[in-house]
Structure formats: structure tokens, C-alpha cells
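Here are the chains, one letter per residue:
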Amino acid sequence: MSRWLIAAGSVILTSQLMACVAHTKPEELFQLTAESSSNRAMQTRVFETKDEAELLSASAAVLQDLGFQVEESVREVGFLRAAKERSAREYGQYISRFFVLVLSMGKLLMPVDLHQKISATLVARPINSEATRQEVRIIFYRVVWKGDGQADRQYIPPGQQMMEMLRDPALYQQFFAKLSKAVFLEGFTL
Amino acid sequence: MGSAIAMLQGCVPPQPGPELLAPTEAQMKIRSVQTRTFDVKDRQVAMRAVIAALQDLGFIIERANDALGLVSAARFAEPNYYDVLGVTVTVRPQAEGRMMIRANAIYNNKPIEDPKVYQNFFATLERSLFIAKD
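Cut-offs and rules
The numbering scheme is per chain: residues are counted from 1 as the chain's sequence reads. Think of it this way: whatever chain is written first is A, whatever ligand is written first is 1, and the rest follow in order. Residues qualify for local features only when their pLDDT is at least 70, as the model is predicted, and side-chain atom pairs are given and counted only at 80 or more; totals for whole chains, interfaces and linings, by contrast, use all residues. Heavy atoms from the whole structure form the basis of all side-chain values; hydrogens and water molecules are not counted. Working rule for contacts: check all heavy atoms of both residues, and any pair within 4.5 Å makes them a contact. Buried area is a sum: the accessible area each of two parts loses on coming together, probed at 1.4 Å, counted once for each and added. For salt bridges, the criterion is a side-chain nitrogen of Lys or Arg within 4 Å of an Asp or Glu carboxyl oxygen. For the purposes of this entry, the term helix denotes a DSSP run of H or I that reaches at least four residues, the term strand denotes a run of E that reaches at least two, and both are numbered from the N terminus. A helix's residues, less one, multiplied by 1.5 Å, set its expected span. Within 3.5 Å is the distance limit for a polar contact, defined as a pair of N or O atoms, with the added protein rule that one can donate a hydrogen and the other accept it, and that residues adjacent in sequence qualify only through two side-chain atoms. Throughout this description, buried means an accessible area under 20% of the type-specific maximum (1.4 Å probe, protein chains only), exposed means over 50%, and partly exposed covers the range between.

Describe the interface of chain B and chain A, naming the residues involved and giving the relevant values.
With 41 residues of chain B in contact, the opposing surface of chain A contributes 43 residues. Together, R48, Q55 and Y81 of chain B form the three largest contributors to the area buried by chain B at its contact with chain A, with a combined 17%. Where chain B meets chain A, there are 4 salt bridges. Residue D56 of chain B pairs with R40 of chain A through a salt bridge whose shortest N-O separation is 2.9 Å.

Here's what the structure looks like:
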């Protein structure tokens, strides 16, 4: 019995430590980092066109093709925000959940990722004074909701959230490939 | 044991005070820190530079309003996802081709009063405006 208590105590202590340690200070968050420029290169393409409105509407169309709903648009500053909701269930999580269930002798059923909202914000803007060159920058991120867990016959209510920026280059390449096709122009990186 | 208590105290969330809606003295003091004037004629150019600077800093642009010169954005304090940093920037034209830009930043819904934060933001914005001019 006491061994169980020690184990439980150490788990609580570890989670406490984790909650306290990894805080990034706000002043660091307003500084460009080493990854800023590589992220920028991945998320940005330049198009040789004067027609910013066309670029923006083509972007909206591509996002629609990818299953997104446009949530907000401001033409004057070339801004679009879109989102789609999908299932977030992953095979691997169910396997590790099974092993935890076996190891805890049927007492702990870990919550798994159930649902996710994938969002994109897109900004198009001219980058030279004659406005013959336009830059499109898109940033993808997602919010994941966890749930469906059970600890010793007690249901763990869903609702825990997890957010992350999506930094998979393939995602961005896919979007820009479609956008290039839609506007009949080759996008290039600077 | 003592360190465990100190650690627990470090984790207690900030308590809301009665001055929640009233402008605090510290807020009045940092107004000058939050505001800077730039030599830009066109407000849209300034707004686009603000948006580009925020994107460079990894922010998610949530809302933009051209008529009011308003941009709001947020980001999580990566690598963790439970601390949220929000910022609202207003761009207002002043006399003779000068643009007043004001940024309000909040960290987990508490106003940031550290001048360094705003210095860092305006440094990035200045760079972004400089690129836009060329």
C-alpha cells in the first residue's frame, strides 16, 4: 500500500515540476530566434504579379480545396484566416494506451487525442514599391482535444487542450504548389 | 520539504484584485513605452509592416481591421502550450506623415509592464518597416 502511495506521490511531484520549469519569459517571445528566418522561408513564397486581390481569392480557393472554412478575411491588408475540424485519433496512442492499461492492471485508461481544429492564417502583401511582386505567407497550427480516459472506474472528463504550431515543410509545399497552379505563376523563395 | 512548499507557491495562479477594470498606475506609466512614432505616410504600409513583424515573431494573426488600424495576434509560449501571449497593435496617423503605433501585450491575461518587451517588439517592427520602404 505504502509503495503505491510513494509511486503516486512521485507522479504528482513530477507533474508539479513540469508545470513549473518550462516557462519561456515574455521578453524572449518578442525576439527573433534562430528559427525565425527558416520558418519564414518555409511559410513564404513570392509571386511576380500586381494583382493582390487575385492572389488572395486564389488562396481562399486553395484553402477551400484543402477542406478549410474561411473564418475571417480583410481585403485591405490582405488577410485570411481559415480552419477545419477533424478527428485526431492516432493508432499509436491506442497501442500505448493498451500497454498502460495492462501495466496498471486495468486501473488506468489514458486519455487520447480525440478531436482537432487545424487553422491557417494567411497574409498577402506587396514587397516592392511598385507592387509588382507579392509575398504570401501562411502559418498553420492546430488545437487538439483529449478525452475518453478512465482512472479506476472513474471517467476522466474530456476537455484537456493541446496546441501546437505545424512546422512540417511538406504541408507548406503542398499548399504553395496548389496556389501556384491556381494563379498560373511559379512562386519562389527569396 | 521547504523547497517543495516554495515550488508549490510558485505555481499558485495570480489572484484577481479589485482594480481589475481600473487603469493601474503602472499602466499609465508604460503608455509611453508602448507607443512609438514612425516616419510613415501611408497607414496601410504601416499596418502591413506590423502584421509582417508579428508573423516573423511567430504570432498567429487573429484579427485585422483596416478602418480602425487595428491588429490583434496571439502565440503560445513555445515549447509549452499553456502560456498564451496576446498582443493588440493600433496604428493611428498623426500630423504630417507620421504614424503612431501602440502595442499592448498580455501574458496569460496579465498586462506586460516590462519595457524590454516593447523595445524588442519595436526593434522587429522597425526592421520590417525598413524592408517595406525599399
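Describe helix 4 (residues 43–56) of chain B, listing the residues and the values that go with them.
Residues and elements named next belong to chain B. The end-to-end C-alpha distance of helix 4, which contains 14 residues, comes to 20 Å, matching closely the 20 Å that a straight helix rising 1.5 Å per residue would cover. Here helix 4 starts with a cap whose side-chain oxygen sits 3.1 Å from the backbone nitrogen of Q44, and that cap is D42. Just past helix 4, the residue G58 takes up positive phi, approximately 85 degrees.

Describe the pattern of salt bridges, naming the residues involved and giving the relevant values.
Residues and elements named next belong to chain A. With the rule as written, the count across this model stands at 14 salt bridges over all chains. Salt-bridge contacts for R81 lead to E72; the nearest nitrogen and oxygen are separated by 3.2 Å. Residue classification places R81 among the buried residues on the basis of a relative accessible area of 12%. For E72, a relative accessible area of 16% puts it in the buried group.

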